[in-house]
Structures are given as structure tokens and as C-alpha cells.
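Notes for the structure review
Residues per chain are reported as follows:
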Amino acid sequence: MLTLYDVTVQSRLLLGTARYPSPAILAEAVRRSKTEIVTVSLRRETAGGKAGGAFFEMIRALGVRVLPNTAGCHSVREAVLTAKMARDVFRTDWIKLEVIAHHDTLQPDVFGLVEAARILTADGFQVFPYTTDDLVVAEKLLEAGCCVLMPWCAPIGSAMGPVNPMALRSFRAQFPDVPLIVDAGIGRPSHAAAVMELGYDAVLLNTAVANAGDPATMAEAFALALDAGRLAYAAGPIEPRDMAVPSTPVIGKAVFA
Amino acid sequence: MTFIINGEEQDVSATTLAALLDVLEYEGEWLATAVNGELVHREDRAAFTLSERDRVEILSPMQGG
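This text gives an overview of the structure that appears in the document. (Residues numbered from 1 in each chain as written. Chains lettered and ligands numbered in written order. Predicted model: local features only at pLDDT ≥ 70, side-chain atom pairs only at ≥ 80, totals over all residues. Heavy atoms only, no water.)

1. Notes on the nonpolar core
- In terms of nonpolar packing, the biggest core is built from 98 residues, with L97, V127, F128, I181 and I186 of chain A together with L20 of chain B touching the most fellow members.
- The leading source of residues in this core is helix α3 (residues 76–90) of chain A, at nine residues.
- The residues touching V127 of chain A, leaving out its near neighbours within four places in the chain, are Y5, I95, L97, A117, L120, T121, C146 and V148 of chain A. (Core = buried A, V, L, I, M, F, W, Y, C linked by side-chain atoms within 4.5 Å. Buried < 20%, exposed > 50% of the residue type's maximum accessible area, 1.4 Å probe, protein only. Helix = DSSP H or I, 4+ residues; strand = E, 2+ residues; numbered from the N terminus. Contact = heavy atoms within 4.5 Å.)

Right, dumping it as C-alpha cells:
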């Protein structure tokens, strides 16, 4: 089980809701992933528009918890206002906080992120910060009141998987008691299993499922990979080494020469 | 009055935020509103008086990662 702020869930997968071929496929992917938390966003509604309402009702029908995001926000002011508007709609104090620095890398503006986290926490929000794997920034986010950290493992949507496992390992070691969710950069179930083997508590992903040839089946594959990775971590994986070690005992081996 | 609604200039005959939403046929519990960069809760819209060239943002849920 995984506890995020005051909520306990079984699934260690947080799933994004964007870029699916259809709402029906999104719903099926959510079901087969067994996720209990999905991310959503807010955008401008057209006059008389019903698009937002249809999506809102669909998500509500899925019976999962909602984690609104501040995707696309490039300033503290934008992110804070978007978070407040999201709380007004979704009636949750949870916010996936993104303050983006660059359009091309979608790298977080970690200075703005810390500032926004401090403002939102003081306002009663429970912040899930999308951050880099920088340890000092993470400490500042915890000081700002965050009780969950979400480091990237590669740029958003890149599907590269963990490009710096050493940094992720350090991150885990530095914050043994903080729920850690890898957010962004996961491309395949093996990537998700790899970060879970490092001791991460959960994974948040979107494109890897939504853009798969068969999103619903990929969602299930990720669920299985997460379980496998978590189980492997709990079982204590052996460490790699440079030299060969015979797995069959050599003592008692017959000598024929 | 003239307002900047979701980034576009529009003339709307309304003096409160609730009236503006009504005239433009926005409806639903899923809407979020802000005026001049400040959140206006749904329960405060009827009492929120608008001024000339106020910047009104009207957002609704959509897919997100």
C-alpha cells in the first residue's frame, strides 16, 4: 500500500489522461492499469462549450481520485492561480505542481517551483512537485511543506527511461521516508520496473500508455511491471560486479585429468 | 461593457460575473473563473461586480498528464 498525504492506495501507478485515441480507450486503459489516481488539467472553455463538462463527467464515472496539474504554467503566479482554480473545480487539495522553465526541454523551473510550493502549502494545498533529481532542490521542497517528491527520470514525453540511475539512487537514499514518484520520461514497462527496483514508491506516466499501439494492454503491462519491480526491490536485488562468479559450487567437482 | 474573455475582447451586457456567464451560455459545476488574475469562487460569482476591460478567465477540465 502507498500513502500520499492522508490517502492510502493499492496501485503504485498514477496515470495521465491526455493524448489517448478516444475517451473509451482512456477509460479502458484506466481500468486495466488498476490505477486509483489520474492526472487532469484545466484549459480555457469556449462560450457555451460542453467539452470540459463531458470530460469531467467521464472522469467522475471512472471512480478514481483526481490529481489536477498546473501543466503549461511558466510562472509562479500562473501556477498558483491555476492550482486555486483547479481546487475550485475538482474539490481537492491535491495539486501536481509544474512550473516549466523551457518550452523545448520542459525542464522545471526549480526556483519558481519551490516558491510556488511554499505559497500553495501555506494555502492548504497538498503539493506533488514535478522536479528534477537535484537533491538540494528536493530539500527545499520538503522545507516548503511538500510531503511527496516527484523527480523526472528523463524529459517529459521523451520515453528515454531512467537516464541517470545514479541520481535516482542517491535521491532514494537521501530521502528514505518520503514517498518518491518518478514523473516523466518513462517509455516502457521495463523502465518502470527499473525505477521500482531502485526503491521508488510509484510512477506517474501518460504518453507511454496513451501513444502505445494498444493503450489498454500497455496500461496492464505497466501495472505488471510496477508490481514486479516493487517485489524485486522488497526481495533485495544482488549488486552487479565486474568479474564472473560460478553459480554452481566448485567444491567436490570431479577431476578427470 | 467590454471585457477580455479568455484572451479575446468581447462586448457583453453584464455587470456581474454570474450574469456574464449566463449571457455567454456558460454553465456547469465544472467551470472555474478568475478575474484580473484572481480566483472568483463559483459561489461568489453572483455578487462579483465587473468593470470595463476586466480580464476574465473561464476554464474547464481537460485531459492532462
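2. Concerning helix α4 (residues 110–122) of chain A
Residue and element names in this part refer to chain A.
- Counted at 1.5 Å a residue, the expected span for α4 with its 13 residues is 18 Å, and the 18 Å between its end C-alpha atoms agrees.
- Next to the buried residues of α4 lie α3, β6 (94–97), β7 (126–131) and α5 (135–143).
- The N-cap residue of α4 is D109: its side-chain oxygen and the backbone nitrogen of F111 are 3.1 Å apart.
- Count one or two residues on from α4 and you reach G124, which has phi positive near 95°. (Expected span 1.5 Å × (residues − 1). Polar contact = N/O pair within 3.5 Å; in protein donor to acceptor, adjacent residues only side chain to side chain.)

3. Describing the packing of aromatic side chains
Residues and elements named next belong to chain A.
- For the structure on display, the rule yields five aromatic pairs over all chains.
- The interplanar angle of 55° and the centroid separation of 4.9 Å between the aromatic rings of W94 and F128 together place this pair among those described as tilted. In this pair, W94 sits in strand β6 while F128 sits in strand β7, placing the two residues 34 residues apart along the sequence.
- By way of ring pairs, the aromatic residues Y5, W94 and F128 are connected into one cluster.
- Over the aromatic face of W94 sits the side chain of R65, whose NZ or CZ is 5.2 Å from the ring centroid.
- Sitting above the plane of the F125 ring, R87 keeps its charged end 3.8 Å from the centroid. (Phe/Tyr/Trp six-rings, centres within 6.5 Å; stacked < 30°, edge-to-face > 60°. Lys NZ or Arg CZ within 6 Å of the ring centre and 35° of its normal.)

4. A few points about unusual backbone geometry
- Even without being glycine, A159 of chain A reaches a positive phi, approximately 65°.
- Structurally, the position occupied by A159 of chain A is in the loop between β8 (150–151) and α6 (165–174).

5. A word on the packing of helix α1 (residues 23–33) of chain A against helix α2 (residues 51–62) of chain A
Residue and element names in this part refer to chain A.
- Two numbers describe how α1 lies on α2: the axes approach to 11 Å, and their chain directions differ by 25°. When the axes of α1 and α2 are compared, the pair comes out roughly parallel. When you trace α1 past α2, the crossing you get is right-handed. Here P23, L26, A27 and V30 of α1 lie close against α2, whose contacting residues are F55, M58 and L62.
- Along the lines of polarity and charge, the residues of the contact of α1 with α2 split into seven nonpolar, no polar and no charged. (Axes fitted to C-alpha atoms, helices over the stretch in contact; angles between N-to-C directions. Parallel < 35°, antiparallel > 145°, perpendicular 65-115°, else oblique. Left-handed = near helix turned anticlockwise from the far one by under 90°. Nonpolar A, V, L, I, M, F, W, Y, C, P; charged D, E, K, R; others polar.)

6. A look at the pairing of β7 of chain A
Residue and element names in this part refer to chain A.
- Most of β7 sits out of view: six of its six residues are buried.
- Residues of β7 alternate between two faces, with Q126, F128 and Y130 on one and V127, P129 and T131 on the opposite face, all of them buried.
- With four bridges joining them, β6 and β7 adopt parallel strand pairing. Looking at the pairing, I95 lines up with V127 of β7.
- As for the winding sense of the linkage, the β-α-β connection from β6 through α4 to β7 is right-handed.
- Where β7 lies against β8, two bridges are found, and the strand directions are parallel. (Pairing = 2+ DSSP bridges. Right-handed = clockwise from strand over helix to strand, strands pointing away.)

7. Regarding the packing of α4 of chain A against α5 of chain A
All names here are of chain A.
- The contact between α4 and α5 brings their axes to 9 Å, and the two run at 15°. Here α5 runs roughly parallel to α4, going by the angle between their axes. As α4 packs across α5, the resulting crossing turns out to be right-handed. Contact residues: α4 offers V110, L113, V114 and A117, while α5 offers V137, K140 and L141.

8. Examining the pattern of salt bridges
All names here are of chain A.
- Tallying each qualifying case throughout the model produces 11 salt bridges over all chains.
- The salt bridge involving D183 is made with K96; its shortest N-O contact spans 3.3 Å. Of this pair, D183 sits in strand β9 (residues 181–183) while K96 sits in strand β6, and the two are 87 residues apart along the sequence.
- Using a relative accessible area of 4% as the deciding quantity, one classes D183 as buried.
- Here K96 falls in the buried class, since its relative accessible area comes to 3%.
- Of the charged contacts in the structure, one is a salt bridge between D201 and R172, with a shortest N-O distance of 2.8 Å. Taken as a pair, D201 in the loop between α7 (189–197) and β10 (202–205) and R172 in helix α6 lie far apart in primary sequence, 29 residues in all. (Salt bridge = Lys/Arg side-chain N within 4 Å of Asp/Glu carboxyl O.)

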